[in-house]
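Chain residues, written in single-letter form:
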Amino acid sequence: MKITVRYFASIREALDFGSEVIETDATNVSELREQLMLRSPLHAQALAIDRVIRVAVNQNLVNMDHPIEPASEVAFFPPVTGG
Amino acid sequence: MCYSVVIQEKDFDVSQEMALLRALDCGVGAICSFVGTVRDRNEGAQVSSMELEHYPGMTEKSIEAMIESAFKRFDILGARVIHRVGLLQPLDQIVLVLVTSAHRGQSFQACEYLMDYLKTQAPFWKKEIAPSGARWVDARVSDDQALERWGIVSQNS
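Please read all numbers here as calculations on a predicted model, not as lab measurements. (Residues numbered from 1 in each chain as written. Chains lettered and ligands numbered in written order. Predicted model: local features only at pLDDT ≥ 70, side-chain atom pairs only at ≥ 80, totals over all residues.)

A. The interface of chain A and chain B, seen in detail. In this complex, chain A contributes 14 residues to the contact, which on the side of chain B involves 23 residues. Those elements giving two or more residues to the side of chain A that touches chain B turn out to be α1 (9-15) and β5 (73-77) of chain A. Per-class residue counts for the side of chain A that touches chain B are nine nonpolar, five polar and no charged. (Contact = placed C-beta atoms within 7 Å. Helix = DSSP H or I, 4+ residues; strand = E, 2+ residues; numbered from the N terminus. Nonpolar A, V, L, I, M, F, W, Y, C, P; charged D, E, K, R; others polar.)

Okay, here's the thing in structure tokens:
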């Protein structure tokens with residue numbers, strides 16, 4: 001299935017781009033993160049397991065076990081710091 | 001229930017926003033406001049400017065959901081949130097939360113609740129620019145604890 005992956009703040013900067021459309025068979029966020037980390041050394045670093053990362057699926061904050069469906073928009077970003 | 005959320009680069013005028021919000025309902029007897037501003041230092045380090053990034057679409061949606069939960073929890077009449085993005089300087093206004101109610105107690109509480117919620121759940125990121133270089137601001141455990149006072153588990157930091 002095809003999905004859109006978006007990156008923000010320090011993760012976007014580390015990758016040097018803000019989004020990509022990918023083909024994946026990942027069933028949940030955690031599997032997707034592992035697959036993305038294999039795409040390049042930059043991905044591996046930006047999404048490293050020891051980094052605190054928050055995830056949104058279709059613009060809702062979710063946990064790592066959240067399912068992924070075709071055409072989803074999945075966003076990876078660091079803890080938020082607005083206000 | 002009347003509320004609005006705006007994400008913008010430009011500054012806002014607090015008294016004008018207050019006048020507009022309270023004019024919507026003649027039952028308003030209290031209006032509570034919070035304004036967050038850019039400081040020229042953070043954790044001892046000098047800050048010369050600040051850049052704010054957000055997730056367009058999700059930002060508005062998440063703040064609207066927070067406001068709807070505030071309407072369920074508190075007896076309030078109206079709310080408006082304005083959050084700026086882009087490049088900001090020390091002393092600049094960053095965020096405005098306005099809440100109206102019949103009596104002060106509910107708007108005081110709802111205003112604090114919305115800010116506690118926004119700090120840890122709305123997709124904004126601050127980058128501080130200092131003479132020594134730029135750095136992304138770290139999330140604070142104390143902000144998670146602030147939201148937990150309302151019985152909401154936050155795992156941001």
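B. Layout of the nonpolar core. All names here are of chain B. Counting residues in hydrophobic clusters, the biggest one holds 55 residues, and the most contacted among them are Ala70, Val99 and Leu114. In terms of residues, this core owes the most to one element, helix α3 (residues 104-121), which gives six residues. In contact with Leu114, not counting residues within four places along its chain, are Met66, Ile67, Ala70, Val81, Val97 and Val99. (Core = buried A, V, L, I, M, F, W, Y, C linked by C-beta atoms within 7 Å. Buried ≥ 20, exposed ≤ 12 C-beta atoms within 10 Å, placed from the backbone.)

C. Quick look at the sheet that holds strand β1 (residues 2-7) of chain A. All names here are of chain A. Pairing is mixed in the open sheet, where five strands are placed in the order β2-β1-β5-β3-β4. At either end of the open sheet lies a strand with only one pairing partner, and these are β2 (19-23) and β4 (60-62). Within the sheet, the average angular offset between the axes of one strand and its neighbour, ignoring direction, is 30°. Summarising the sheet, β1 and β5 pair through four bridges and their orientation is parallel. Counterpart to Tyr7 in the pairing with β5 is Phe76. (Pairing = 2+ DSSP bridges. Axes fitted to C-alpha atoms, helices over the stretch in contact; angles between N-to-C directions.)

D. Focus on the packing of α3(B) against helix α4 (residues 141-148) of chain B. Residue and element names in this part refer to chain B. Two elements in contact, α3 and α4, have axes separated by 9 Å at closest approach and are oriented at 135°. Classified by the angle between their axes, α3 and α4 sit oblique to one another. Classified by chirality, the crossing of α4 by α3 is left-handed. Here α3 contributes Asp116, Tyr117, Lys119 and Thr120 to the contact with α4, which in turn contributes Asp143, Asp144, Ala146 and Leu147. (Parallel < 35°, antiparallel > 145°, perpendicular 65-115°, else oblique. Left-handed = near helix turned anticlockwise from the far one by under 90°.)

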